[in-house]
Amino acid sequence: MRALLERWGGIEFRGLGGPMMEELSGGGVSNWVDEAAVVGLVEVLKRYGWFREKFAKALVEIEELKPDLLLLVDYPGFNLRLAKAVKERVPGVKVVHYVAPQVWAWNRRRIPGIVQSHDLLICLFPFEVELFEKAGLRSRCVGHPLVDELEERRLKVVRDGNLVGLFPGSRRREVARLFPIMLKSIERVLRERKGVRFVAAAASKKMERVMRDELDRSGLGEVVDIELGRSQELMQKVGCGVVASGTATLEAAYYGMPYCLVYQVARATYLMARQLVKLPYIGLINILAGRGVVEELIQDEANEYEIARWVVSYLKDEELRRGLGDELREVASRLGEPGVHRRAADEIVDLFDHE
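What counts and how
Residues numbered from 1 in each chain as written. Predicted model: local features only at pLDDT ≥ 70, side-chain atom pairs only at ≥ 80, totals over all residues. Heavy atoms only, no water. Core = buried A, V, L, I, M, F, W, Y, C linked by side-chain atoms within 4.5 Å. Buried < 20%, exposed > 50% of the residue type's maximum accessible area, 1.4 Å probe, protein only. Helix = DSSP H or I, 4+ residues; strand = E, 2+ residues; numbered from the N terminus. Contact = heavy atoms within 4.5 Å. Phe/Tyr/Trp six-rings, centres within 6.5 Å; stacked < 30°, edge-to-face > 60°. Pairing = 2+ DSSP bridges. Axes fitted to C-alpha atoms, helices over the stretch in contact; angles between N-to-C directions. Parallel < 35°, antiparallel > 145°, perpendicular 65-115°, else oblique. Left-handed = near helix turned anticlockwise from the far one by under 90°. Nonpolar A, V, L, I, M, F, W, Y, C, P; charged D, E, K, R; others polar. Right-handed = clockwise from strand over helix to strand, strands pointing away. 1 Å grid on protein atoms, 1.4 Å probe; cavity = no way out; pocket = protein on both sides within 12 Å on 5 of 7 lines; lining within 4 Å. Points joined across faces, edges and corners; volume = space filled by probe spheres on them. Salt bridge = Lys/Arg side-chain N within 4 Å of Asp/Glu carboxyl O.

We now examine the nonpolar core. In a soluble, globular protein the nonpolar side chains are often hidden away together inside. Formed by 86 residues in total, the largest nonpolar core has its most connected members in Tyr259 and Ile285. Ranked by the residues each element gives to this core, the list is headed by helix H11 (residues 172-192), at nine residues. When near neighbours in sequence (up to four residues on either side) are disregarded, Tyr259 contacts Gly241, Val243, Thr249, Ala252, Ala253, Ile285, Val294, Trp310, Leu324 and Leu328. In terms of nonpolar packing, the next biggest core, distinct from the first, is built from 15 residues, Leu70, Leu82, Val90 and Val93 among them.

Quick look at the structure:
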């Protein structure tokens, strides 16, 4: 949004987003992030009525406003349907999607529909461009937007080989599901590695309260600290870590933090995902590398025994930690160079300049 304002000056924003988008738009963008952050089929179905109401309201507002550009950011479950409906009802609107939907992983049959409903797809990974361009959709790779943020926050610090980072995620359900398992694994780690310390990253004040409640119940308050809003700093300080599947795994890789990936969802969601997803990995770093760089502990394997086994093995072996850290940095270098948001804005402006 800032990059577009620099290029277009008088542009106005309306829509749905987060608190910083709301502030930057002068109130034109409504903050719905906390309510809309739902993952998994079962979880979405429970709130289907709410999403349907939000969708209908957004579509009416777009029909009335008739904007020059509908800029969709990630969130494919909602945004792909919105793009299709807008193209049918307000065909003059240019539709741009920033972050290509990962249909290459779970449903390539949706690609023709995306081609028809979009004017430009801004991709984060190079391999996505070829897939969508071949189908007839203008697609550009600008790199991953994390790169700018992470480079700004890089520190000159020495890793503490006796400190383990816990990164249970940013959504309430995943934190409530994963953090207790992480805490249970600590007891097993301490049986083999006395004096190890742990630090857990809380993504928000709400998640911090959830995590502190779990920590109080565990009785591990003396060996575990909880830090609010410092995950990227901690990723550069700890010797190794345990990370919930998601964007945090890319952040950890960028900083070369040795880690294992953990993932758990409702069983019905997981069973359906196994039928849809055709990739051998769920971790973005593994997908980007095309091999299993990071160990993935998924569903039943995401338990205190397996987590403790991984942590102990990496605490014992400094060479193992260093080797994985170097490999992660090499793979993360494929995320691109700084200047991602500016390049994304340039592609959007170029779409209008070459009508």
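So, on to the packing of aromatic side chains. This structure, assessed with the given rule, holds six aromatic pairs. Taking 5.6 Å as the distance between ring centres and 70 degrees as the angle between the ring planes, the aromatic pair formed by Phe55 and Phe78 counts as edge-to-face. Of this pair, Phe55 sits in helix H5 (residues 48-65) while Phe78 sits in helix H6 (residues 76-89), and the two are 23 residues apart along the sequence. By relative accessible area, Phe78 is classed as buried at 8%. Ring geometry for Tyr75 against Phe78: centres 6.2 Å apart, planes inclined by 40 degrees, an arrangement best described as tilted. By relative accessible area, Tyr75 is classed as partly exposed at 26%. By the ring-pair criterion, three or more aromatic residues cluster together here, those being Phe55, Tyr75 and Phe78.

What follows covers the sheet that holds strand E4 (residues 94-98). Through backbone hydrogen bonds, the strands of a sheet pair up, either in parallel or in antiparallel fashion. Judged by pairing direction, the sheet is parallel, and its four strands sit side by side in the order E3-E4-E5-E6 without closing on themselves. Either end of the sheet is taken by a strand with one partner, and the two such strands are strand E3 (69-73) and strand E6 (139-141). Along the sheet, successive strands turn relative to each other by an average axial angle of 15 degrees, direction set aside. Where E3 meets E4, five bridges bridge the pair, whose relative direction is parallel.

A word on the sheet that holds strand E7 (residues 160-167). Across the sheet, which stays open at both edges, the six strands sit in the order E9-E8-E7-E10-E11-E12 with parallel pairing between neighbours. The strands lining the two open edges of the sheet, one partner per strand, are strand E9 (224-228) and strand E12 (296-298). Across this sheet, the average inter-strand angle for adjacent strands is 20 degrees, counted without regard to direction. Pairing of strand E11 (residues 259-263) with E12 involves three bridges; the strand directions are parallel. Considered in E12, the bridge of Leu261 is made with Glu296. Each of strand E8 (197-202) and E9 touches helix H12 (residues 205-218); the most contacted strand, E9, lies at about 170 degrees to it.

Right, let's get into helix H14 (residues 247-254). Taken across its eight residues, H14 has six buried, putting it largely inside the fold. Turning to H14, its buried residues number three or more, namely Thr249, Leu250, Glu251, Ala252, Ala253 and Tyr254. On the buried face of H14, the contacting elements are helix H10 (146-152), helix H13 (231-234), strand E10 (238-244), E11, helix H16 (284-289) and helix H18 (318-332). Positive backbone phi, at 70 degrees, marks Gly256, one or two positions downstream of H14.

Where H11 meets helix H17 (residues 304-316), the closest approach of the two axes is 8 Å, and the angle between their N-to-C directions is 45 degrees. The angle between the axes of H11 and H17 places the two elements in the oblique class. The two elements H11 and H17 cross, and the hand of that crossing is right-handed. On H17, the residues that touch Ile181, Lys184, Ser185, Arg188, Val189 and Glu192 of H11 are Glu304, Tyr305, Ile307, Ala308, Val311, Val312, Leu315 and Lys316. Its residues assigned to classes, the contact of H11 with H17 shows eight nonpolar, one polar and five charged.

This part covers the pairing of E11. Counting buried positions along E11 yields four of five residues, so the element is predominantly enclosed. Taken together, E10, H14 and E11 constitute a β-α-β crossover, and its handedness is right-handed.

This part is about the layout of surface pockets. The gaps left among the atoms become clear once a water-sized probe is rolled over them. Of the volumes computed, that of the second largest pocket is approximately 380 Å³. Looking at the lining of the second largest pocket element by element, the count peaks at five residues for H18. Looking at the lining of the second largest pocket, its residues break down into five nonpolar, five polar and seven charged.

Our next topic: the pattern of salt bridges. Taken as a whole and assessed by the stated rule, the structure comprises 26 salt bridges. In this structure, Glu306 and Arg309 form a salt bridge, with 2.9 Å as the shortest nitrogen-oxygen distance. Of this pair, Glu306 and Arg309 both sit in helix H17, three residues apart, which is roughly one turn of that helix. Residue classification places Glu306 among the partly exposed residues on the basis of a relative accessible area of 26%. Exposure remark for Arg309: the relative accessible area of 38% places this residue in the partly exposed category. Between Glu319 and Arg322 there is a salt bridge, with its nearest N and O atoms 2.6 Å apart. Placement of the pair is Glu319 and Arg322 together in helix H18, with a separation of three residues, close to one helical turn. By relative accessible area, which is 55% here, Glu319 ends up exposed. For Arg322, a relative accessible area of 38% gives the class partly exposed. When salt bridges with common partners are traced through the structure, they connect Glu227, Arg230, Glu233 and Lys237 into a single cluster.

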